[in-house]
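Analysis of the macromolecular model
So the chains spell out like this:
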Amino acid sequence: MTRTLPRTTTSRYVTRDPEILQGEPIIVGPRVAVRDLVEAWKAGTLPEQIYRKIPFVTTAQVFDALSFYLDNQTEIDEYRDFYR
């Protein structure tokens, strides 16, 4: 999936940078893909517990990423399908 997007912050903790994962939405700082947090959530992990599976993120970052996902499900689901 190739996209040419300028670096943009889409929420407090979610950003895009064409230099990182080809512009896929990531968490600011640890550069964890939003799709990774969504995968853990969809697998049944409570948002408050995701940091145990992905220790580089805070609970606030998880909730922000899930909120971003709920607003952008089609896009993130395309990434999830692509990386499966």
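These numbers come from a predicted model, not from an experiment. (Residues numbered from 1 in each chain as written. Predicted model: local features only at pLDDT ≥ 70, side-chain atom pairs only at ≥ 80, totals over all residues. Heavy atoms only, no water.)

Turning our attention to the nonpolar core. Among the nonpolar cores identified, the biggest contains 17 residues, and Ile27, Val34, Leu37, Val57 and Ile76 are the most heavily contacted of them. Elements supplying a minimum of two residues to this core: α1 (34–42), α3 (59–71) and α4 (73–82). (Core = buried A, V, L, I, M, F, W, Y, C linked by side-chain atoms within 4.5 Å. Buried < 20%, exposed > 50% of the residue type's maximum accessible area, 1.4 Å probe, protein only. Helix = DSSP H or I, 4+ residues; strand = E, 2+ residues; numbered from the N terminus.)

This next bit is on the side chain of Glu24. For Glu24, the location among the structural elements is in the loop between β2 (14–16) and β3 (26–27). At a separation of 2.6 Å, a polar atom in the side chain of Glu24 contacts the side chain of Arg35. Discounting residues that sit within four places of it in the chain, Glu24 has contacts with Thr15, Arg16, Ala33, Arg35, Tyr79 and Tyr83. (Polar contact = N/O pair within 3.5 Å; in protein donor to acceptor, adjacent residues only side chain to side chain. Contact = heavy atoms within 4.5 Å.)

Right, let's talk about the pattern of salt bridges for a bit. Following the criterion strictly, the structure yields seven salt bridges and no others. Across the pair Arg16 and Glu75 runs a salt bridge whose closest N-O atoms are separated by 2.6 Å. Here Glu75 lies in helix α4 and Arg16 lies in strand β2, a separation of 59 residues in the sequence. The class of Glu75 is buried, set by a relative accessible area of 14%. Between Arg80 and Asp77 there is a salt bridge, with its nearest N and O atoms 2.9 Å apart. Of this pair, Arg80 and Asp77 both sit in helix α4, three residues apart, which is roughly one turn of the helix. Classification of Arg80 by relative accessible area gives buried; the value is 10%. Within the structure, one salt-bridge network assembled from shared partners comprises Glu39, Asp77, Arg80, Asp81 and Arg84. (Salt bridge = Lys/Arg side-chain N within 4 Å of Asp/Glu carboxyl O.)

Keep in mind that these numbers describe shape and distance, not what the molecule does.
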